[in-house]
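Each chain, written out:
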Amino acid sequence: MSGSVYLHLWLLAAMCTAMWCSPRSKQPVDYGKVKRAWPVPYRRFDHRPKTDSFCQALYPFCPTGSPDGSIPLMKDSDRVQVFRLQTPVWEFKYGDLLGHFHIMHDAIGFRSSLTGRNYTMEWYELFQLGNCTFPHLRPELEAPFWCNQGAACFYEGIDDLHWMQNGTLEQVAEMTGSQFNEMARWVREDNETGIYYETWTVQAEPSPNTTVWFESYDCSQFVHRTYRKLADLGVTFSSKQQTNYTKIFLYSTEPVFLGNDSSIFGQAGKQELAADIRKFYHPFRPHQSVKEFLISLLQVLDKVILERSFYLYYNYEYWHLPMKPPYIKITYEEIPLPHTGKAIIE
């Protein structure tokens with residue numbers, strides 16, 4: 001096995017262990033009765049649920065933004081500049097460390113020509129990446145407990161140094177105040193219906209035209225959706241720089257649908273499968289000592305590489321991934337800015 005696989009697994013395990021009432025779905029799917037379509041559609045919901053008090057953020061979510069997530073309206077005649085923002089994940093704490101591995105965070109900036117005010121909009125985890133990628137195993141609960149929500153944060157100001165020192169701050173478009181207000185209405189709906197974070201992109205091969213089993217739903221995907229919405233509204237984009245984004249891939253043969261919490265962990269559940277899922281997630285638990293972390297890393301390598309097995313939680317349901325080489329990969333690939341006109345907004 002190549003050293004890059006070990007490195008990527010170590011990076012993800014380190015990041016996730018350091019960071020540490022479901023709503024009704026709008027699109028319920030019974031995979032036993034329908035033909036599967038790939039990639040599995042990200043499920044949207046009719047409202048954003050209240051967070052459980054068990055879930056605690058290491059750093060508060062959106063500390064300077066509006067509590068209700070509101071975005072101020074612009075005058076229709078305003079001219080609003082749009083900025084592409086990118087910086088290494090946890091740059092405020094580790095500087096450019098994760099930037100060396102192209103693990104980047106993305107956001108969008110705005111500047112009103114009429115008022116001169118700047119704004120930042122980003123979409124990220126309410127309880128940090130570890131909680132969105134792996135669950136807690138609580139002794140009083142049979143099923144793994146997930147603290148997984150992501151949301152948009154809109155606040156006044158652009159921290160130029162934060163984005164420029166180790167990343168990107170570049171104007172990529174200009175729009176009217178009317179277009180900005182249309183975007184703000186779309187963001188509110190997108191934010192209320194797309195509630196959970198998904199770290200992984202899962203596909204069959206590391207090649208351009210391969211089958212994608214599951215799409216990620218993270219900060220960069222929010223940026224892409226917003227850009228496509230703006231293009232749909234008639235906004236024209238241009239960039240002097242190559243627009244690259246971070247993606248974290250898992251590679252597997254066709255995934256196998258397993259069930260949800262009640263069908264796997266309930267009274268009439270599948271005890272052997274339930275035990276194996278809990279065992280799989282145990283090495284990813286938070287707050288481990290260095291010795292525990294090294295032991296856990298070996299357990300992860302044994303399960304993912306030697307047994308070629310991974311359990312994915314997607315749309316509040318469990319899937320088994322029969323893993324295959326190269327197993328896991330972090331990429332930093334170019335995704336061009338959209339062209340003006342009708343676009344598919346997922």
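In this text the structure is predicted, and so the values were computed from the model without any measurement.

Caption draft 1: Representation of the packing of aromatic side chains within the structure. Counted by the stated rule, this structure contains 37 aromatic pairs. Ring centres of Y59 and W90 lie 5.7 Å apart, and the angle between their planes is 90 degrees; this geometry places the pair in the edge-to-face category. In this pair, Y59 sits in the loop between α1 (3–18) and β1 (79–88) while W90 sits in the loop between β1 and α2 (91–94), placing the two residues 31 residues apart along the sequence. The exposure class assigned to Y59 is partly exposed, which follows from its relative accessible area of 28%. Here the aromatic rings of F265 and Y318 are separated by 5.8 Å at their centres, their planes lie at 65 degrees, and the arrangement is edge-to-face. Residue F265 is found in helix α7 (residues 261–265), and its partner Y318 is found in strand β11 (residues 317–334); the two are separated by 53 residues along the sequence. Here the two residues F265 and Y318 agree in accessibility, since each one is buried. Residue placement shows R138 over the ring face of F54; its charged tip is 4.0 Å from the ring centre.

Caption draft 2: View of the sheet that holds strand β4 (residues 150–156). Taken together, 5 strands build an open sheet; the order of strands is β4-β3-β2-β1-β5 and the sheet is antiparallel. Of all strands in the sheet, those with a lone pairing partner are β4 and β5 (168–176), marking the two edges. Recorded for the sheet is a direction-independent mean angle of 25 degrees between the axes of neighbouring strands. Across 4 bridges, the pairing between strand β2 (residues 104–112) and strand β3 (residues 118–125) is antiparallel. Among the inter-strand pairings, G109 is bridged to a residue of β3, identified as T120. Sitting on the sheet, helix α5 (residues 177–193) is in contact with β1, β2, β3, β4 and β5, with an inclination near 110 degrees to β5.

Caption draft 3: Broad picture of unusual backbone geometry. Geometrically, the link from W38 to P39 is a cis peptide bond, its omega value of -5 degrees lying close to zero. Relative to the assigned elements, P39 resides in the loop between α1 and β1. With omega at 0 degrees, the peptide bond leading from P325 into P326 counts as cis. Mapped onto the elements, P326 comes out in strand β11. Its identity as a non-glycine residue notwithstanding, R308 has a phi of 55 degrees, on the positive side. Checked against the element boundaries, R308 lands in the loop between α9 (290–306) and β10 (309–314).

Caption draft 4: A look at the state of the cysteines. As enumerated under the stated definition, the model contains 2 disulfides in all. The residue that forms a disulfide with C55 is C147, at a sulfur-sulfur distance of 2.0 Å. On the S-S bond that ties C55 to C147, the torsion sits near -85 degrees, and the link is left-handed. Linking C55 in the loop between α1 and β1 with C147 in the loop between α3 (128–133) and β4, this pair joins segments that are 92 residues apart in sequence. Summarising the burial analysis for this pair, C55 and C147 share the class buried. Here C62 is linked by a disulfide to C153, with a sulfur-sulfur distance of 1.9 Å. The sign of the 80 degrees torsion about the S-S bond sets the C62-C153 disulfide as right-handed. With C62 in the loop between α1 and β1 and C153 in strand β4, this residue pair connects regions lying 91 residues apart in the sequence.

Calculation notes
- Residues numbered from 1 in each chain as written.
- Predicted model: local features only at pLDDT ≥ 70, side-chain atom pairs only at ≥ 80, totals over all residues.
- Heavy atoms only, no water.
- Phe/Tyr/Trp six-rings, centres within 6.5 Å; stacked < 30°, edge-to-face > 60°.
- Helix = DSSP H or I, 4+ residues; strand = E, 2+ residues; numbered from the N terminus.
- Buried < 20%, exposed > 50% of the residue type's maximum accessible area, 1.4 Å probe, protein only.
- Lys NZ or Arg CZ within 6 Å of the ring centre and 35° of its normal.
- Pairing = 2+ DSSP bridges.
- Axes fitted to C-alpha atoms, helices over the stretch in contact; angles between N-to-C directions.
- Contact = heavy atoms within 4.5 Å.
- Disulfide = S-S within 2.5 Å.

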